[in-house]
Amino acid sequence: MDFIFGYNQWIVQRFWLACVDFFREKRLLLLKIQSQMVATRFFDEIIDFLTSCPPPEAVVAYKPSVALQGRADALLEKNRRDELSEAEKQELDYFMVIEHLMRLAKARARKRLSAHDA
């Protein structure tokens, strides 16, 4: 009887561990999807701006929305404290790529403005 009780307890423990692993994976997947959605909104914001054919002055003056800037700042702070999850690291990478793209666009816009003024 002890064997059967011990075996049943082992099965319950294994089932519980499998459930915990399952929900942990689902939570990580959800976090990854959420971070990709934020990054997608940021990409959409930049794409909408750039496809509006803004003049060079507007490109130089461009700033992301307050919500997206706040999210980027929060990710940078968590990164400084070494507290980023994997999904957040990927999200921060998206922000860094987009920021680099905008720096390049602003540099070219400034160059175009200075060539126009000369």
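Bear in mind that the values here come from a model prediction, so they are computed numbers and not experimental data. (Residues numbered from 1 in each chain as written. Predicted model: local features only at pLDDT ≥ 70, side-chain atom pairs only at ≥ 80, totals over all residues. Heavy atoms only, no water.)

A. Local environment of the environment of Tyr62. Note that Tyr62 resides in the loop between helix H2 (56-61) and helix H3 (66-80). The class for Tyr62 is buried, based on a relative accessible area of 10%. It is 8.7 Å that separates the C-alpha atoms of Tyr62 and Phe49, two residues lying 13 residues apart in sequence. Among the polar contacts made by the side chain of Tyr62, one reaches the side chain of Glu45 at a distance of 2.8 Å. (Helix = DSSP H or I, 4+ residues; strand = E, 2+ residues; numbered from the N terminus. Buried < 20%, exposed > 50% of the residue type's maximum accessible area, 1.4 Å probe, protein only. Polar contact = N/O pair within 3.5 Å; in protein donor to acceptor, adjacent residues only side chain to side chain.)

B. Quick look at the pattern of salt bridges. With the rule as written, the count across this model stands at eight salt bridges. Where Arg71 meets Glu91, a salt bridge forms, and the shortest distance between an N and an O atom there is 2.8 Å. Taken as a pair, Arg71 in helix H3 and Glu91 in helix H4 (residues 86-117) lie far apart in primary sequence, 20 residues in all. Two residues, Arg80 and Glu77, come together in a salt bridge whose shortest N-O distance is 3.7 Å. Placement of the pair is Arg80 and Glu77 together in helix H3, with a separation of three residues, close to one helical turn. Each member of the salt-bridge network shares a partner with another, and the members are Arg71, Lys78, Glu88 and Glu91. (Salt bridge = Lys/Arg side-chain N within 4 Å of Asp/Glu carboxyl O.)

C. Quick look at the confidence of the model for the protein chain. This prediction gives the protein chain a mean pLDDT of 79; 65% of its residues lie at or above 70. Helix H1 (residues 2-51) is the least confidently modelled element of the protein chain, averaging 65 in pLDDT, while H2 averages 93, the highest of any element. Counted against residues more than four places away or in other chains, residues 1-5, with its pLDDT under 50, gives zero contacts. (pLDDT = per-residue confidence, 0-100. Contact = heavy atoms within 4.5 Å.)

D. Here's a closer look at the packing of aromatic side chains. Counted by the stated rule, this structure contains one aromatic pair. Ring geometry for Phe49 versus Tyr62: centroids 4.4 Å apart, planes at 35°, classification tilted. With Phe49 in helix H1 and Tyr62 in the loop between H2 and H3, this residue pair connects regions lying 13 residues apart in the sequence. (Phe/Tyr/Trp six-rings, centres within 6.5 Å; stacked < 30°, edge-to-face > 60°.)

E. Representation of the side chain of Glu91 in the model. Residue classification places Glu91 among the buried residues on the basis of a relative accessible area of 1%. In this structure the side chain of Glu91 is engaged in a polar contact, spanning 2.8 Å, whose partner is the side chain of Arg71.

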